[in-house]
Amino acid sequence: MLRHATESALAGGSGLVVVDGEPGVGKTRLLEEIAAEAEARGALVVWGHCLEGDGTPSMWPWMQAVGTVLNALPAGARDKWLATELSRLADPHGDGSAAPAMPDSGAQFRQFERVVAAVGESSALRPVLLLFDDLQWADVASLRLFSHLAARLPDRVAVIGALRDHAPAPGTQLSRLLAVASRIPGHRRIHLGPLSLAEVAEVVRGETNQFPAPGVTRSIHARTAGNPFFVRELPRLLADGGVLTQDAVARTGVPSTVRDVVRDRMAGLDDGTRRLLQVAALIGRDVSLALLARATGLDLPTCLDRLEPLEALGLLGPAAGDPCAFRFTHDLVRESVAETMPLWRTPSLHLSVADALEHFDAEGESVAERLAFHLWAAGPLADSARTAHAMVRAGRDAAAKSAFQAAERHLRKAMEVARTAGLAELELAALSQLTAVLGMSSMYGNLIPELLERAERLARDLGQEVEATDFLYSRWVVHQQGIEFDRSGPLARQLLDQGKASSNPIVYAYGLEAWGLHPWNLGNVGDAFRLLSEAHRIMLRDQARREDNQVRHDLQSLMVGMLAEISALHGDVDAARALFDTLKADAGDDPYAVTIWSAIAVRTAMIVGDPEWALRAADRGIAVDPDFSFVLAAAALDLADRCLDTYGQRYPEGLLLLLRARLQQALGEPVAVVRATAERARALSAEREAHLFARRAEIFLAELEDEPPGRQNNKAPRF
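Residues numbered from 1 in each chain as written. Predicted model: local features only at pLDDT ≥ 70, side-chain atom pairs only at ≥ 80, totals over all residues. Heavy atoms only, no water.

Asks: Give a detailed account of the overall build of the chain, specifying residues and quantitative values.
Replies: For the chain, the helix and strand inventory stands at 36 helices and 8 strands. Buried positions account for 54% of the 719 residues belonging to the chain. Surface exposure of the chain reaches about 31,300 Å², of which carbon and sulfur atoms provide 52%. (Helix = DSSP H or I, 4+ residues; strand = E, 2+ residues; numbered from the N terminus. Buried < 20%, exposed > 50% of the residue type's maximum accessible area, 1.4 Å probe, protein only. Areas by Shrake-Rupley, 256 points an atom, 1.4 Å probe, with all protein chains shown as cover.)

Asks: Can you explain the sheet that holds strand β6 (residues 286-288)? Please cite residues and give values.
Replies: Sheet architecture is open: 3 strands sit in the order β6-β8-β7, paired in antiparallel fashion. Both edges of this open sheet fall to β6 and β7 (316-319), since each of them pairs with a single strand only. Strand-to-strand, the axes of this sheet are offset by a mean angle of 40°, without reference to chain direction. Summarising the sheet, β6 and strand β8 (residues 322-328) pair through 3 bridges and their orientation is antiparallel. If you follow D286 over to β8, its bridge partner there is R327. (Pairing = 2+ DSSP bridges. Axes fitted to C-alpha atoms, helices over the stretch in contact; angles between N-to-C directions.)

Asks: Account for a negative patch on the surface, with residues named and values stated.
Replies: Taken together, D299, D305, E308 and E311 make up a surface patch of like negative charges. Among the structural elements, D305 can be located in helix α17 (residues 300-312). Residue classification places D305 among the exposed positions, given a relative accessible area of 52%. (Patch = residues over 30% accessible without salt bridge, like charges linked within 9 Å, V, L, I, M, F, W, Y side chains within 5 Å. Salt bridge = Lys/Arg side-chain N within 4 Å of Asp/Glu carboxyl O. Lys, Arg positive; Asp, Glu negative; His and termini not counted. Charge placed at Lys NZ, Arg CZ, Asp CG, Glu CD.)

Asks: Which residues make up the packing of helix α27 (residues 505-522) against helix α28 (residues 525-540), and what values do they have?
Replies: The N-to-C vectors of α27 and α28 enclose an angle of 160°; their axes lie 8 Å apart at closest approach. When the interaxial angle is binned, α27 and α28 end up roughly antiparallel. The two elements α27 and α28 meet at a crossing, and its hand is left-handed. For the pair formed by α27 and α28, the contact residues are P505, I506, Y508, A509, Y510, L512, E513, W515, G516, L517, P519 and W520 on the first element and D527, A528, L531, L532, E534, A535, I538 and M539 on the second. (Parallel < 35°, antiparallel > 145°, perpendicular 65-115°, else oblique. Left-handed = near helix turned anticlockwise from the far one by under 90°. Contact = heavy atoms within 4.5 Å.)

Asks: Please give an account of the packing of aromatic side chains that cites residues and values.
Replies: Here the structure, examined in full by the defined rule, presents 5 aromatic pairs. Relative to F132, the ring of W62 lies with its centre 4.6 Å away and its plane at 40°, an arrangement referred to as tilted. Pair noted here: W62 is in helix α3 (residues 60-71) and F132 is in strand β3 (residues 128-133), with a separation of 70 residues, a long-range link. In terms of burial, W62 and F132 fall into one category: buried. For the pair F132 and F146, a centre-to-centre distance of 5.5 Å together with 80° between the ring planes defines the contact as edge-to-face. In this pair, F132 is assigned in strand β3 and F146 in helix α7 (residues 140-151), connecting sequence segments 14 residues apart. A relative accessible area of 1% places F132 in the buried class. A relative accessible area of 2% places F146 in the buried class. One aromatic cluster in this structure is built from W62, F132 and F146. (Phe/Tyr/Trp six-rings, centres within 6.5 Å; stacked < 30°, edge-to-face > 60°.)

Asks: Can you break down the nonpolar core residue by residue, with the values?
Replies: In this structure, W62, L130, L135 and V159 are the most contacted members of the largest nonpolar core, which totals 79 residues. Dropping the residues within four chain positions of it, W62 is found in contact with G67, L89, V115, F132, S142, L145, F146 and L149. The next biggest cluster of nonpolar side chains, apart from the first, holds 44 residues, and it includes L472, A535, I538 and W597. (Core = buried A, V, L, I, M, F, W, Y, C linked by side-chain atoms within 4.5 Å.)

Asks: Summarise the confidence of the model for the chain; cite the residues concerned and give the values.
Replies: Here the chain averages 83 in pLDDT, while 84% of its residues score no lower than 70. When the criterion is pLDDT under 50, residues 95-101 qualifies, and its contacts beyond four places in sequence or with other chains add up to 13 contacts. In this model, residues 710-719 is a region of pLDDT below 50 whose contacts with residues beyond four sequence positions or in other chains number 22 contacts. (pLDDT = per-residue confidence, 0-100.)

Asks: Pulling in residues and values, what's your account of the environment of V573?
Replies: For V573, the location among the structural elements is in helix α30 (residues 573-587). Since its relative accessible area comes to 25%, V573 is described here as partly exposed. Each C-alpha atom, one on V573 and one on T604, is 9.4 Å from the other, the two residues being 31 residues apart in sequence.

Asks: Break down the sheet that holds strand β5 (residues 188-192) for me, citing the residues and quoting the values.
Replies: In any sheet, the strands associate via hydrogen bonds between backbone groups, in a parallel or an antiparallel arrangement. What the 5 strands build is an open sheet, ordered β2-β3-β4-β1-β5; its pairing is parallel. The open sheet has two edge strands, β2 (44-49) and β5, and neither has a second partner. Neighbour to neighbour, the strand axes of the sheet diverge by 15° on average, direction disregarded. Sheet topology places β2 next to β3; 6 bridges connect them, and they run parallel. Among the inter-strand pairings, G48 is bridged to a residue of β3, identified as F132.

Asks: Describe the packing of helix α24 (residues 449-461) against helix α25 (residues 465-481), naming the residues involved and giving the relevant values.
Replies: Viewed as axis vectors pointing N to C, α24 and α25 meet at an angle of 160°, and their least axial separation amounts to 7 Å. Taken as axis vectors, α24 and α25 run roughly antiparallel relative to one another. Seen along the crossing, α24 lies across α25 with a hand that is left-handed. Along its contact with α24, which presents P449, L452, E453, A455, E456, A459 and R460, the element α25 presents E467, A468, T469, F471, L472, S474, R475, V478 and H479.

Asks: Could you give an account of the pairing of strand β1 (residues 14-21), naming the residues involved and the relevant values?
Replies: When you tally the buried positions in β1, you get 7 out of 8 residues, the bulk of the element. As defined by bridge partners, β1 adjoins strand β4 (residues 157-164) across 8 bridges and the pair is classed as parallel. If you follow V17 over to β4, its bridge partner there is I160. One ladder, built from 5 bridges, connects β1 with β5; its direction is parallel. Bridge pairing links V19 to I190 in β5.

Okay, structure coming up:
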């Protein structure tokens, strides 16, 4: 099957294969064999190794893969890609000028699409084989990019992923990846099982140069359960030159776990060499010699001398293509070495690794997340301020690579460390960045009020009045967006009272904006127009730049859009258009800002009754950031469903189901899933005699039948 996938790519097609099996069953070896064959036939072989642990930088397999892909392009083409968001993946040591420090909400989709395009450009020059090993350790963003590429494979590209089917069992995101892969035409799934008796005999013969007797083979097979990794351990477990008899096997014992193998090999090591090996295990599967020497306090010659017996024991060996690095022979070996460390010693070893990392690359992006992990793991031995600073920086760097789940994890840890240590300013810094990370995906509608309340209290205690009002205002936005007027109303009143009592114009403008939308909620357009207009005049004198204060900038843009809509409702459509023009000009090519403008402009244009204006605004928003448009559509449909349940007004239920089907189609859901949702829309509408919605569902179902199979999951939605 692997050869079939690579043959397809070499012949101009594409292929996707997922290989699974237990640890040690030979997945990596299989990938290495197919890689050698493909390379011999002229393919570009691209590896993405996934590593275990929170210390692994987010998007790590793709940082390796994208770098290889771009390095295979001509210099001019490579430079073109490095001027985009891909620079964060391909050149982590660069200045990062091509990508914002905190990306907008659509950055992840654009980055994914650019990876697909870059791979396609490379495959136009020669076939490409992408190999991803140990996918069970990949972070969420890496798995999502794998799924994205798998669903959009360019011609002359084959992708092969390998993962453990247990230890650990596939998590939620990995299970989703496997589900997506299974729906892709031509996908193949290979399960590597244990060796048979005959295969065990063959492996033993190859490793020992002896022909095992049937009884010996059965004994080895029973003790190892046919696991190739364990079977290959026999030569090291038997005495040099020993005869492979059943008695010898019984006397030596065949290990039933990798831990047994590793402990047996480590038994004769002195304390210094044992510590060296344990520090190496904390660093990762690939170990820089200079970093290991620094972390263990050894000079390079002494470090090399102590590595020599480890290589002889088959624990560590030279890394291919890098004379300054070593590599564990198998990740199972590294995991088992790490498990031999006493718990009381582990924090000090992590601190040693952190100190060494900081010495070599204190400001480098490539070590930010690794440094944060080791400081976090060092616990109380590491200075709390140092750890919190590192976690905040790791969060910023993860977000810059569009690894938002990793960014959130880092920032929450930073908050925890800072709060425990009483470091209010650092905790506030982490909260501010977390607010930006969480807020972009929902136009600040799905933030966590408790976090905002904590941030507001910290800012007030630190005497930061405007920052405290930022967070209070954000809390109000959460409830306003959620149509929770019983909660947003009191907060709007609080903002207005604080604004009147403050000498700061920004604080006053916040109060006017919040209180201005309160009468709008109640239907009083005139009061809302006057209050928001006054707030806008104040804000014009002190506009926040996005790079200086992302949350404040985004919320101000949102309120300009609301003023434009309310101006139209107040009867001044020309003023509304002028505000929208200003908002559009300020947005430039920033997808998040364009999305805010587009969403509110479309709604206003429909209220005004100008479908051409609505279509232009919608086209612009979808063109600049289609993925976020889909996210907003999904959120809107979810909110509509909640309103059906809350208020009981169910006449549009069939229409909502139809819109849900169109969204599923746009997001690439299987045709069967899309059709099932549309059928429900038609049946429900027909039952309730909502003939308009039933007819629209019938038209959509007919379109599904007429659409060519290859294009059914690639259409833009027509809501």
